[in-house]
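Listed below, chain by chain, are the residues.
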Amino acid sequence: MVRNPLTPEERLRGERLGEVLREARGGRSMVAVAADAGISAETLRKIETGRAPTPAFFTVAALAGALGLSMDELLRRCLAAPVPVPDRESLPLTA
C-alpha cells in the first residue's frame with residue numbers, strides 16, 4: 001500500500017496534537033498513559049513526537065479518555081495555539 005505524502009498542514013497538526021497530549025500527560029509516565037489507553041508506549045511516543053501525525057480516531061479517543069479529556073477539550077486545546085504558516089519555498093509546486 002502506497003500512502004500519499006502528508007501536506008505541511010497535516011504535519012503541523014500532528015505536531016500540535018503531540019504537544020497537547022504531552023502537556024496533558026504532565027508528570028505521568030508515557031508507559032502508564034499508554035497502558036491506560038490500551039496502546040503501546042512506542043505508539044504514544046510516535047504520536048507525541050509527531051512521527052505518527054495522523055493517528056486513528058479511536059487511538060486519539062482512547063488517549064483523551066486516559067488523560068481525562070473530552071474530545072471537545074482536546075480539539076479546543078489543539079486549536080488554541082496558532083499554527084505557523086510554512087513559507088512559500090517549502091510548499092509543493094502546483095500546476
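To be clear, the structure that these remarks concern was listed above.
Residues numbered from 1 in each chain as written. Predicted model: local features only at pLDDT ≥ 70, side-chain atom pairs only at ≥ 80, totals over all residues. Heavy atoms only, no water.

Engineer: Explain the packing of aromatic side chains here, please?
Structural biologist: Between two aromatic rings, the relevant description is the distance of the centres plus the angle of the planes. Inspection of the entire model under this criterion finds one aromatic pair. When the ring of F57 is compared with that of F58, the centres are 5.4 Å apart and the planes differ by 80 degrees; the resulting orientation is edge-to-face. Grouping residues by exposure puts F57 and F58 together as exposed. (Phe/Tyr/Trp six-rings, centres within 6.5 Å; stacked < 30°, edge-to-face > 60°. Buried < 20%, exposed > 50% of the residue type's maximum accessible area, 1.4 Å probe, protein only.)

Engineer: Sorry if this is basic, but what is going on with helix α2 (residues 30-37) here?
Structural biologist: One turn of an α-helix holds 3.6 residues; hence residues three or four places apart share an orientation. Those residues of α2 not exposed but buried are V33, A34 and A37. In a view along the axis of α2, the buried residues occupy a sector of 100 degrees, so they form one face of it. Exposed positions of α2 whose direction lies more than 90 degrees from the buried face are V31, A35 and D36. Here the buried face of α2 lies against α1 (8-25), α3 (41-48) and α4 (57-66). Following α2 by one or two positions, G38 has its phi on the positive side, about 75 degrees. (Helix = DSSP H or I, 4+ residues; strand = E, 2+ residues; numbered from the N terminus. Arc of directions from axis to C-beta. Contact = heavy atoms within 4.5 Å.)

Engineer: Just checking my understanding: could you explain the nonpolar core for this structure?
Structural biologist: Note that soluble globular proteins tend to have their nonpolar side chains buried in a common cluster. L17, L21, V33, I39, L44, L63 and L74 are the most contacted members of the largest nonpolar core, which has 17 residues in total. Counting only elements with at least two residues in this core, the list comes to α1, α2, α3, α4 and α5 (71-80). In this structure L21 touches I47, E48, L63, L67 and L74, once residues within four positions along its chain are discounted. (Core = buried A, V, L, I, M, F, W, Y, C linked by side-chain atoms within 4.5 Å.)

Engineer: What is the right way to look at the pattern of salt bridges in this model?
Structural biologist: Oppositely charged side chains can pair when the atoms bearing their charge come close. By the definition in use, this model includes six salt bridges. R16 is paired through a salt bridge with E19; the nearest N and O atoms lie 3.0 Å apart. Here R16 and its partner E19 are both found in helix α1, three residues apart, which amounts to about one turn of the helix. The partner of R45 in a salt bridge is E42, with the nearest N and O atoms 2.4 Å apart. In this pair, R45 and E42 are both assigned in helix α3, three residues apart and thus about one turn of the helix distant. On the basis of relative accessibility, which here comes to 28%, the residue R45 falls in the partly exposed class. (Salt bridge = Lys/Arg side-chain N within 4 Å of Asp/Glu carboxyl O.)

Engineer: In this structure, what is going on with α4? I would like to understand it.
Structural biologist: T59, V60, L63, A64 and A66 are the residues of α4 that are buried. All buried residues of α4 fall inside an arc of 165 degrees around its axis, so they share one side. In α4, those exposed residues whose orientation departs by more than 90 degrees from the buried face are F57, F58 and G65. Looking at the packing, one finds that the buried side of α4 touches α1, α2, α3 and α5.

Engineer: Explain the environment of E23 to me, please; I cannot follow it from the model alone.
Structural biologist: Relative to the helices and strands, E23 is located in helix α1. Residue E23 is classed as exposed on the basis of its relative accessible area of 56%. Taking the C-alpha atoms as reference, E23 lies 9.7 Å from E48; in sequence the two are 25 residues apart.

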